[in-house]
Amino acid sequence: QRSTANLRLGVPRDFYEGVDSQILDAMDGSHGVLRRITAGMTDVDLPPVPEVPLAFPEVFAYHAELIDEKSGLYQALTPERILHGAAFSTSDYVQAKVELKLVRNAIARVFDEVDLLITPTVLQLPVTIEEAQKNTGAEVNIRNTLPFNLYGIPSISIPCGFSDSGLP
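What this report covers is the structure whose coordinates are included nearby. Small disclaimer: the values here were computed from a predicted structure and weren't measured.

This next bit is on the environment of G161. Position of G161 among the secondary structure elements: in the segment after α6 (146–151). For G161, a relative accessible area of 25% gives the class partly exposed. Residues G161 and A26, 135 residues apart in the sequence, show an inter-C-alpha distance of 5.5 Å. Residues within four places of G161 in sequence aside, it is in contact with A26, L167 and P168.

See below:
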C-alpha cells in the first residue's frame, strides 16, 4: 500500500471559473481533506487546448459511411456534429496535429511540478434522467473534461459530495 503523503497536487484555477456554487463548496471540502493527506496544493496553469479539435475530422472519417446508412440509429444532434468534421481541410488537420503535439509536450512539463491535478468535473449540477431526456438539445458540459482527452493524460471523476437535491 502506498502513502499519499508525498503527492503534490496542482489546482488549475481556470477550471473553477463559472462553476456552480454547490460544486465549489464540495470542492472546497475535498481540498481540505486533500491538503491534510498530501504534500500540499499549488495553483498551476495548463496549456491551452488546440483551437481545431482533431476529433471533428477523425470522427467524421470513422462515421462517414455509417452516417448515411444508419443515421436513424444516432441521437438527434449526433449526425450534425459528425458532419461538421467534413469541413476540415487536410492542412487544417495537419496543423491541428502539430498543435496537439506541442500541447502534449507542454502538459508533460506541468507534471515536473505536481503529481496530480484537482478540478471540478462539470460546471453545473447534474439533472435527473427524466430532465435530460426532455431536453434533447442540451449541450453536454465538457469544458473541464475535454482538455484531458486532448492532453492525452488519464483522468478520473470522483464524487465529493451531494447537491441540495441529493444528486452527486
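In spatial order, the strands read β2-β1-β3; together these three strands make up an open sheet with parallel pairing. The outermost strands of the open sheet, each flanked by one partner alone, are β2 (40–43) and β3 (116–117). With two bridges joining them, strand β1 (residues 8–11) and β3 adopt parallel strand pairing. Residue pairing in the sheet places G10 in a bridge with L117 of β3.

Among the secondary structure elements, P12 is positioned in the loop between β1 and α1 (21–37). For the pair P12 and L102, spaced 90 residues apart in sequence, the C-alpha to C-alpha distance is 19 Å. With residues near it in sequence (within four places) discarded, P12 still touches V44, L46, I118 and T119.

What follows covers the side chain of T38. Of note, T38 is situated in the loop between α1 and β2. Residue T38 is classed as buried on the basis of its relative accessible area of 11%. For T38, the side chain forms a polar contact with the main-chain oxygen of L34, separated by 2.6 Å. Residues contacting T38, with those up to four places away along its chain left out, are T4, A5, L7 and L9.

Cut-offs used in this document
- Residues numbered from 1 in each chain as written.
- Predicted model: local features only at pLDDT ≥ 70, side-chain atom pairs only at ≥ 80, totals over all residues.
- Heavy atoms only, no water.
- Helix = DSSP H or I, 4+ residues; strand = E, 2+ residues; numbered from the N terminus.
- Buried < 20%, exposed > 50% of the residue type's maximum accessible area, 1.4 Å probe, protein only.
- Contact = heavy atoms within 4.5 Å.
- Pairing = 2+ DSSP bridges.
- Polar contact = N/O pair within 3.5 Å; in protein donor to acceptor, adjacent residues only side chain to side chain.

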